[in-house]
Amino acid sequence: IWKIPTGLLNPHEDIKTGVERELFEEVGLEAHFEKVVGFRHGHAAPFGKSDLFFICLMRAKETDVSKLTLQASEIESARWADF
């Protein structure tokens, strides 16, 4: 199963900063946030809260994907996909 990198925002962190940080933490890829392209809102999240999940368009600063550094505790393997 393949999926896009995901993560959580830190308290008071905006979406741009959070998605750039999470992408770098999980696969070692530096990229610029461009825009939100979709989202979903779930109502059954832990701690009695709702959950907002955003899908964001990012542009990689580096095109050499051989330099990806995977976060071993979360990512088993990765593959580049152009959209």
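Keep in mind that this is a model prediction, so the values were computed, not measured.

The next subject is the overall build of the chain. Secondary structure summary: the chain contains 1 helix and 2 strands in total. Sequence-ordered secondary structure for the chain, helices as α and strands as β, is α-β-β. Dimensions along the principal axes, computed over C-alpha positions, put the chain at roughly 40 × 25 × 25 Å. Going through the 83 residues of the chain one by one, you find that 18% of them count as buried. In the chain, of all internal contacts separated by at least 6 residues, the share reaching a separation of at least 24 is 41%.

The subject of this paragraph is the confidence of the model for the chain. Of all residues in the chain, 95% attain a pLDDT of 70 or more, and the chain-wide mean is 86. Ranking the elements of the chain by mean pLDDT puts strand β2 (residues 51-60) last, at 91, and strand β1 (residues 31-42) first, at 95.

The terminal C-alpha atoms of helix α1 (residues 15-27) lie 18 Å apart, and with 13 residues this matches the ideal 18 Å at 1.5 Å per residue to within 8%. Burial in α1 covers these residues: G18, E20, R21, E22, L23, E26 and V27. Within two residues after α1, G28 carries a phi angle of roughly 75 degrees, on the positive side.

A positive phi is found at H12, a non-glycine position, where the angle reads about 70 degrees. Relative to the helices and strands, H12 resides in the segment before α1. Residue class for H12 comes out exposed when judged on its relative accessible area of 87%. Phi at F47 takes a positive value of approximately 65 degrees, unusual for a residue other than glycine. Within the fold, F47 resides in the loop between β1 and β2. On the basis of relative accessible area, F47 is assigned to the exposed category, the value being 80%.

Cut-offs used in this document
- Residues numbered from 1 in each chain as written.
- Predicted model: local features only at pLDDT ≥ 70, side-chain atom pairs only at ≥ 80, totals over all residues.
- Heavy atoms only, no water.
- Helix = DSSP H or I, 4+ residues; strand = E, 2+ residues; numbered from the N terminus.
- Buried < 20%, exposed > 50% of the residue type's maximum accessible area, 1.4 Å probe, protein only.
- Contact = heavy atoms within 4.5 Å.
- pLDDT = per-residue confidence, 0-100.
- Expected span 1.5 Å × (residues − 1).

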